[in-house]
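Letter by letter, the chains look like this.
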Amino acid sequence: RVWLRIARPQRATAGTMEYRETEQTEKAYQKQAAVFIASKRVVARSGTKAGKKGFRYYKSVGLGFKTPKTAIEGSYVDKKCPFTGNVVVRGRILKGIVISTKMKRTIVVRRDFLQYHRKYKRFEKRHRNMSVHCSPAFENVREGDTVTIGECRPLTKTVRFNVLQHEPSTNTALNVKKVFRVF
């Protein structure tokens, strides 16, 4: 069950509410699709001071994952974010190690596993790299960190998963691309 919430703005000192604009860093105007900016309350009271918080849409993805504080209080706009965008997490929940953060809002996660070889009656080590969408709600994702990812609809040609939880690594001396870790 998914709960939808819109963060209500706090009242300003004069007792009025106003929309606080999000960060405009792209060529196109950035706004959340679920928030109607020109609501009757805001349009009727033009020329008033803005409140501390603006209108903000966020939701709980469920499955025991908490919505990050930066998703609730932040001002970023990301339509592919599972907490503030139009994406539903369903299907597989996996864990992996981040090996690259060079793309914009996309990271590469390495998943290690053991494959049984019937002829030799032994296991062999294998791995898969997968591209994962990383929401701006997770600010300090670095190489070597462990992330929990959830399956969603195809977001791009290669991206079908979204970051749901981030655990920073304690050991930064490891070569991330060569370490074998099974979760």
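Up top is the structure.
Since we're looking at a predicted model, the values are computed, not measured. (Residues numbered from 1 in each chain as written. Predicted model: local features only at pLDDT ≥ 70, side-chain atom pairs only at ≥ 80, totals over all residues. Heavy atoms only, no water.)

(A) Structural detail: the sheet that holds strand 4 (residues 106–117). With mixed pairing, five strands are arranged side by side around a closed barrel as 3-4-5-7-6. For this sheet, the mean inter-axis angle between neighbouring strands, taken without regard to orientation, is 50 degrees. One ladder, built from five bridges, connects strand 3 (residues 93–100) with strand 6 (residues 146–151); its direction is antiparallel. In the strand pairing of strand 6, Gly 96 is matched with Val 147. (Pairing = 2+ DSSP bridges. Helix = DSSP H or I, 4+ residues; strand = E, 2+ residues; numbered from the N terminus. Axes fitted to C-alpha atoms, helices over the stretch in contact; angles between N-to-C directions.)

(B) Fine view of the side chain of Arg 56. By the element assignment, Arg 56 lies in strand 2 (residues 56–59). When its relative accessible area of 5% is taken as the criterion, Arg 56 is described as buried. Reaching out from Arg 56, the side chain makes a polar contact with the backbone oxygen of Ala 71 at a distance of 3.1 Å. Here Gly 74 takes part through its backbone oxygen, which lies 3.0 Å from a polar atom of the side chain of Arg 56. (Buried < 20%, exposed > 50% of the residue type's maximum accessible area, 1.4 Å probe, protein only. Polar contact = N/O pair within 3.5 Å; in protein donor to acceptor, adjacent residues only side chain to side chain.)

(C) Region of the structure containing the nonpolar core. Judged by nonpolar contacts, the single largest core of 21 residues is most densely connected at Ile 107, Val 132, Val 147, Ile 149 and Val 163. Breaking this core down by element, the ones donating at least two residues are strand 3, strand 4, strand 6 and strand 7 (161–167). Looking at this core element by element, the count peaks at three residues for strand 7. With near-sequence residues (within four places) excluded, Ile 149 lies in contact with Arg 92, Ile 93, Leu 94, Met 130, Val 132, Phe 161, Asn 162, Val 163 and Leu 164. (Core = buried A, V, L, I, M, F, W, Y, C linked by side-chain atoms within 4.5 Å. Contact = heavy atoms within 4.5 Å.)

(D) Looking closely at unusual backbone geometry. The phi dihedral of Leu 63 falls on the positive side, at around 60 degrees, and the residue is not glycine. Residue classification places Leu 63 among the exposed residues on the basis of a relative accessible area of 59%. One non-glycine residue, Lys 121, adopts positive backbone phi at about 55 degrees.

(E) Quick look at the packing of aromatic side chains. On inspection of all chains with the given rule, the structure shows two aromatic pairs. When the centroid spacing of 6.0 Å and the interplanar angle of 65 degrees are considered together, the rings of Phe 83 and Phe 138 count as edge-to-face. Here Phe 83 is found in the loop between helix 2 (69–73) and strand 3, whereas its partner Phe 138 is found in the loop between strand 5 (122–133) and strand 6, with 55 residues between them in sequence. Judged by relative accessible area, Phe 83 falls into the buried class, the value being 0%. (Phe/Tyr/Trp six-rings, centres within 6.5 Å; stacked < 30°, edge-to-face > 60°.)

These figures capture arrangement, not role.
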